[in-house]
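Structural description and commentary
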Amino acid sequence: MRVRAGYIGAVREISLQDTRTGERLPLRPREGNKVGIYACGPTVYDRIHVGNARPFVVFSLLKRFLRHEGYDVTHVANITDVNDKIYAAAAASEPPLPSVELAATMAAHYRADTDALGLGRPDHEPLASETIGDQIELIEALIERGAAYAAQGDVYFRVRADPGYGSLSHRDVDQMDDGDGGEETARKEDPLDFALWKAHKPGEDSAWDAPWGRGRPGWHIECSAMAEAALGLNFEIHGGGNDLAFPHHENEAAQTRAGRGQELAQIWMHNGMLQFGGEKMAKSIGNVAPLHAVIDSAGRDALILLFCSAHYRGPLSFTDETVAQAQAGVRRIRELSRSLVQAESPAQLGPLKERFFSALADDYNTPDALAVVWEWVREANKADAPVGGADLAEMLEVLGLENLLAGGEDSAPDDVVALAQARVTARENKDFQESDRLRDEIDARGFVVRDSPDGFELVPK
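A short tour of the structure in this document, coming up. Being a predicted model, the structure only gives us computed values, none of them experimental.

Calculation notes
- Residues numbered from 1 in each chain as written.
- Predicted model: local features only at pLDDT ≥ 70, side-chain atom pairs only at ≥ 80, totals over all residues.
- Heavy atoms only, no water.
- Helix = DSSP H or I, 4+ residues; strand = E, 2+ residues; numbered from the N terminus.
- Buried < 20%, exposed > 50% of the residue type's maximum accessible area, 1.4 Å probe, protein only.
- Contact = heavy atoms within 4.5 Å.
- Areas by Shrake-Rupley, 256 points an atom, 1.4 Å probe, with all protein chains shown as cover.
- Axes fitted to C-alpha atoms, helices over the stretch in contact; angles between N-to-C directions.
- Parallel < 35°, antiparallel > 145°, perpendicular 65-115°, else oblique.
- Left-handed = near helix turned anticlockwise from the far one by under 90°.
- Nonpolar A, V, L, I, M, F, W, Y, C, P; charged D, E, K, R; others polar.
- Salt bridge = Lys/Arg side-chain N within 4 Å of Asp/Glu carboxyl O.
- Polar contact = N/O pair within 3.5 Å; in protein donor to acceptor, adjacent residues only side chain to side chain.
- Pairing = 2+ DSSP bridges.
- Arc of directions from axis to C-beta.
- Core = buried A, V, L, I, M, F, W, Y, C linked by side-chain atoms within 4.5 Å.
- Expected span 1.5 Å × (residues − 1).

**Some details on the overall build of the protein**
When helices and strands are counted, the protein shows 15 helices and 17 strands. Within the protein, buried positions represent 54% of all 461 residues. Nonlocal contacts in the protein, meaning residues at least 24 apart in sequence, comprise 75% of its contacts between residues at least 6 apart. Accessible area of the protein: about 19800 Å², with a carbon and sulfur share of 49%.

**Overview of the environment of Thr 425**
Mapped onto the secondary structure, Thr 425 falls in helix H14 (residues 414-428). Thr 425 sits in the partly exposed class, given a relative accessible area of 41%. Considering only alpha carbons, one finds Thr 425 and Ser 435, 10 residues apart in sequence, at a separation of 8.4 Å.

**Structural notes on the packing of helix H10 (residues 320-337) against helix H12 (residues 366-382)**
Contact geometry for H10 and H12: axes closest at 11 Å, N-to-C directions at 45°. Classified by the angle their axes make, H10 and H12 are oblique. For the element pair H10 and H12, the recorded crossing hand is left-handed. Note on element contacts: H12 touches H10 through Val 373, Trp 374, Trp 376, Val 377, Arg 378, Ala 380 and Asn 381, opposite Gly 329, Arg 332, Ile 333 and Leu 336. Class assignment of the residues belonging to the contact of H10 with H12 gives a composition of seven nonpolar, two polar and two charged.

**Some words on the pattern of salt bridges**
Under the counting rule described, the total for this entry stands at 35 salt bridges. The partner of Glu 31 in a salt bridge is Lys 34, and the shortest N-O contact between them spans 3.7 Å. Residue class for Lys 34 comes out partly exposed when judged on its relative accessible area of 42%. For Arg 260, the salt bridge identified is with Glu 228, shortest N-O distance 3.0 Å. One end of the pair, Arg 260, is in helix H7 (residues 245-260); the other, Glu 228, is in helix H6 (residues 219-231), and 32 residues separate them in sequence.

**A look at the environment of Tyr 149**
Tracing the backbone through its elements, the reader meets Tyr 149 in strand S7 (residues 148-151). Classification of Tyr 149 by relative accessible area gives buried; the value is 7%. Through-space distance from the C-alpha of Tyr 149 to that of Ile 139 is 9.3 Å; in sequence the pair is 10 residues apart. Once you skip the residues sitting within four places of it in the chain, Tyr 149 turns out to touch Ile 143, Asp 154, Val 155, Tyr 156, Arg 158, Arg 187, Lys 188, Glu 189, Asp 190 and Asp 193. Looking at Tyr 149, its side chain comes within polar contact range of the main-chain nitrogen of Glu 189, at 2.7 Å.

**Side note on the sheet that holds strand S5 (residues 34-39)**
The strand order across the open sheet formed by four strands is S6-S5-S11-S12, and the pairing between neighbours is parallel. The outermost strands of the open sheet, each flanked by one partner alone, are strand S6 (72-77) and strand S12 (265-271). Going from strand to strand, the sheet's axes swing by 20° on average, the running direction of each strand aside. Of the pairings in the sheet, the one linking S5 to strand S11 (residues 235-241) comprises three bridges and is parallel in character. For Ile 37, the partnering residue across the bridge sits in S11 and is Ile 237. Across the sheet, H6 lies against S5, S6 and S11, angled at about 160° from S5, the strand it touches most.

**Details of helix H8 (residues 291-298)**
The complete set of buried residues in H8 reads Leu 291, Val 294, Ile 295 and Ala 298. Buried residues of H8, viewed axially, fall in a sector of 100°; they line one side.

**Considerations on the pairing of S7**
As defined by bridge partners, S7 adjoins strand S8 (residues 154-157) across four bridges and the pair is classed as antiparallel. Each residue of the ladder has a partner; that of Ala 151, found in S8, is Asp 154.

**Details of the nonpolar core**
Phe 65, Leu 66 and Leu 117 are the most contacted members of the largest nonpolar core, which has 82 residues in total. The biggest single contributor to this core is helix H1 (residues 53-68), with nine residues. Each residue touching Leu 117, except ones within four places of it in the same chain, is listed here: Ala 53, Phe 56, Val 57, Leu 291, Ile 295, Arg 300, Leu 303 and Ile 304. Within the second largest apolar cluster, 22 residues are counted, among which are Ala 147, Val 155, Leu 192 and Phe 194.

**Side note on the pairing of S8**
For a regular strand, side-chain orientation follows a simple rule: the groups alternate between the two sheet faces. Residues Asp 154 and Tyr 156 of S8 are buried on one face, and the alternating residues Val 155 and Phe 157, pointing to the opposite face, are buried as well. Hairpin connection between S7 and S8: a loop of two residues separates the two successive antiparallel strands, and Gln 152 in this loop has a positive phi of roughly 55°. With three bridges connecting them, S8 and strand S9 (residues 194-199) associate as antiparallel partners. Residue pairing across strands places Val 155 opposite Trp 197, the latter belonging to S9.

**A word on the sheet that holds S7**
Strand order in this open sheet of four strands is S7-S8-S9-S10, and the pairing throughout is antiparallel. Single-partner strands in this sheet number two, and they are S7 and strand S10 (215-217). Ignoring strand direction, the axes of neighbouring strands in this sheet form an average angle of 20°. On the sheet, helix H4 (residues 132-144) packs against S7, S8, S9 and S10 and is oriented at approximately 120° with respect to S9.

**Regarding the side chain of Asp 363**
Within the secondary structure, Asp 363 is located in the loop between helix H11 (350-361) and H12. Asp 363 sits in the buried class, given a relative accessible area of 0%. Setting aside chain neighbours within four positions, we find Asp 363 in contact with Ser 15, Leu 16, Gln 17, Arg 24, His 311, Tyr 312 and Arg 313.

**Some words on H4**
Relative to the 18 Å expected for 13 residues at 1.5 Å per residue, H4 spans 18 Å between its end C-alpha atoms, a close match to the ideal helical length. Within the span of H4, buried status applies to Ile 132, Gln 135, Ile 136, Leu 138, Ile 139, Ala 141 and Leu 142. On its buried face, H4 is in contact with S7, S8, S9, S10, H6 and H7. Gly 146, located one to two residues past H4, shows a positive phi value of around 80°.

This is the structure we're talking about:
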C-alpha cells in the first residue's frame, strides 16, 4: 500500500494508448514511482479558445489520477513564445507591437484563463525564449552527428538520415509532400528536410546569436530541447493534441533520436479535437469560443464535466446542447451532495469505486469512470437516509470536480441557495421586482444565478 496526496490504495496496472505502436502500453517508470509528462502548450499569439484547453485539462487530470495511484508525477507544459505566428500577429496589431510584448501579454492571458479551470498549474512551464541555449546545443549535436546541416544561416534536419522517421505518424517518407516551396526549399538538400534554425529576416524584431548565424529556432527543436531539459530522455509520457502528431511530434522524436541516440519518450499520447458545428475548432477556421468567455457563461464545473464525458482520444462535440447537458449534470451532483455525510459508503456502493479507478487505469477512460459516478448517484438517491459521501468525494476530486460537493470552495452556502429558491417562487408568481431584488442580493453574496428549464445554477463570480 502507498499513501499519496491523502489517499490510501494499491497501485493498479495502468496502460495508455501509444500513438507510435498503436497499442496500449503499460506505464513503466524509469526510476521508482517517478513519472514525467510533457504536454505541448500554446503558441501565444492570441487568447486561447476552449479547444486549446482540452489538452490542458486532459493532462492535468491524468496527473491527478497518477498521483492518486501513488506516482510521483512531474507535469511539464511549455509556452511557445518564439514563432512565425507571433511575429505576424505582432506586426498586424493596431498599432504594431513588439513581438516580445505581444507574447508576454498573451502568455499572461493564457495563465489567467487556465487558472480559472481550477486544476492548478503544471510543475514546470518553460518558455521557448528562455531555453535558446539548450536548443542551440541540441542543434550542434545534430550537426556533429551528420543529421543536420547549415545553409545560408538556416539549419536543416536531414529527414532521410533517420530510419525511424514516419513511425510515429505512420507515414511513408517516400509519399510525403514537404508542402513548402520558394527560397527555403532551394536551400535544402532534400525538400522534406525541416528547419531547426531560421536566419534573421527583415521585420523580425527578436533574434539570437548562434554558431551558424543570428536568427531564432524552429518550432520543433524548441519542444525537444525543453522536454529533455525538464525530464531527461526516454521519459514516460509525451502528450498533446492529435493535430500535432505530424509534423511536430514526428520531428521532435526524430531530432532527439538522431541527436542523442535515444528516444525522447516512451508513450506518445494524443487527445482528440473539439468540434464546433461538425468542424474542428480552430482560429484559422474562425469557429472559436474563447476559454474565458466559455467559463463565464457555462461555468468551470460544467466545462470540466463536459471534457470528462468523452474519451480523450476521440472528438468532443461542443454545442449549446452538450454544454446544457453538462450544466444539468453539475446541478444533479450538487443537489445529491447536500444530503450526504462524509463517511464510508454502504456495502452496495463500495464496489463502484473500484470500477471507477479501473476505468481510469485502462487508457484513462473518463466516460466509463463518469458512468460509474452516475450509477453511484442513482443508487444513492434510492437510499431512505443520507449515505456516505467519502467515496464520491474521492472520485470527484480525481476528475477535478470536487467543487460539486457541498462545502466545496465553489459551492454556494445554504442561505444563498435559499435566496435562489425564493427567486424561483417570485418568478413563478410574476413578481419580477422581488425576483430582481433577490438576484441582486445573490450577486452581492458573490454568486451569479443562471436559470434553466429544470432549475437554476449558482456559479461563483
